[in-house]
Amino acid sequence: MAKTALIVIDMINTYDHDDAVLLTPSVKASLPAVTGLLHRARRLDVPVIYVNDNFGQWRSHHGELVETALRGPHADLVEPVAPDDESFFVVKARHSAFYETPLSYLLAEQGVDHLVLCGQVTEQCVLYSALDAHIRHLRVTVARDAVAHIHADLAEAALQMMERNMGARIVTADDVRF
């Protein structure tokens, strides 16, 4: 039976990197849509899977990543989207949510064949995750108002590529069907 999961990409972040000054305004703008998706998914018992960069902290675990981000100067961007006790959490080291992570196995175990992607960065991790999902024959929806970008022009191009080249549905968060 077909099942959908909400994939939250890289929203647990300290924003202590070179592109943060360009990224944080877009993250702030996307927060209402991301939190709306989280609330809807949780209310409907849709699996919520956080896939998050480990930021080169090879001895860290998801709890430590969350705690560090919540203690940082941009905790206001993390607190509204922090994982709850029911959420799954996959740590990644590269752009794609799938690259050398157990995500494919987790999705198969949960019977998931449709992913709703939200998070950051549209023109990087969201794009590469959508491509890897497409390669694995998973259906993909991207909530355009629930993804944050560094460069608006590249984000728009990435959304077009996901739609045209990967068959992804590009919709607003309110139009996401779980």
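Predicted model only: the values in this text are computed from it and were never measured.

Caption draft 1: Quick look at the overall build of the chain. Of the regular secondary structure elements, the chain holds 6 helices and 6 strands. Going residue by residue from the N terminus, the α and β elements of the chain occur as β-α-β-α-α-β-α-β-α-β-α-β. Radius of gyration (C-alpha) of the chain: 15 Å, near the 16 Å computed for a compact globule of 178 residues. Projected onto its principal axes, the C-alpha coordinates of the chain cover approximately 40 × 35 × 30 Å.

Caption draft 2: Main features of helix 2 (residues 62–71). Burial in helix 2 covers these residues: Gly63, Leu65, Val66 and Ala69. The buried residues of helix 2 occupy one face: seen down the axis, they fall within an arc of 160°. On its buried face, helix 2 sits against strand 2 (48–53), helix 3 (75–78) and strand 3 (88–92).

Caption draft 3: Quick look at the packing of helix 5 (residues 122–135) against helix 6 (residues 152–166). At a minimum axis distance of 9 Å, the contact between helix 5 and helix 6 shows a crossing angle of 5°. In terms of axis orientation, helix 5 runs roughly parallel to helix 6. The segment helix 5 lies against helix 6, with Thr122, Glu123, Val126, Leu127, Ala130, Leu131 and His134 engaging Leu154, Ala155, Ala158, Leu159, Met161, Met162, Asn165 and Met166. Taken together, the residues that form the contact of helix 5 with helix 6 break down as 11 nonpolar, 3 polar and 1 charged.

Caption draft 4: Focus on the environment of Val78. With respect to the helices, strands and loops of the structure, Val78 is situated in helix 3. C-alpha separation for the pair Val78 and Val66, spaced 12 residues apart in sequence, amounts to 8.2 Å. Beyond its immediate stretch of four places on either side in the chain, Val78 contacts Met11, Ile12, Asn13, Tyr15, Ala69 and Leu70.

Caption draft 5: Summary view of the nonpolar core. Of all hydrophobic cores here, the largest spans 34 residues; its most connected members are Leu6, Val8, Ile12, Leu37 and Leu38. The element best represented in this core is helix 1 (residues 20–43), accounting for 9 residues. Leaving out residues up to four positions away in the same chain, Leu38 has contacts with Leu6, Val8, Val48, Tyr50 and Val81.

Caption draft 6: Up close: helix 5. Its 14 residues give helix 5 an end-to-end C-alpha distance of 18 Å, which sits within 8% of 20 Å, the value for a rise of 1.5 Å per residue. For helix 5, the complete set of buried residues consists of Thr122, Glu123, Cys125, Val126, Leu127, Ser129, Ala130, Asp132 and Ala133. Along its buried surface, helix 5 packs onto strand 1 (4–9), strand 3, strand 4 (114–120), strand 5 (139–148) and helix 6. In the segment just after helix 5, His137 is the residue with positive phi, at about 65°.

What counts and how
Residues numbered from 1 in each chain as written. Predicted model: local features only at pLDDT ≥ 70, side-chain atom pairs only at ≥ 80, totals over all residues. Heavy atoms only, no water. Helix = DSSP H or I, 4+ residues; strand = E, 2+ residues; numbered from the N terminus. Rg over C-alpha atoms; globule rule 2.2 N^0.38 Å. Buried < 20%, exposed > 50% of the residue type's maximum accessible area, 1.4 Å probe, protein only. Arc of directions from axis to C-beta. Contact = heavy atoms within 4.5 Å. Axes fitted to C-alpha atoms, helices over the stretch in contact; angles between N-to-C directions. Parallel < 35°, antiparallel > 145°, perpendicular 65-115°, else oblique. Nonpolar A, V, L, I, M, F, W, Y, C, P; charged D, E, K, R; others polar. Core = buried A, V, L, I, M, F, W, Y, C linked by side-chain atoms within 4.5 Å. Expected span 1.5 Å × (residues − 1).

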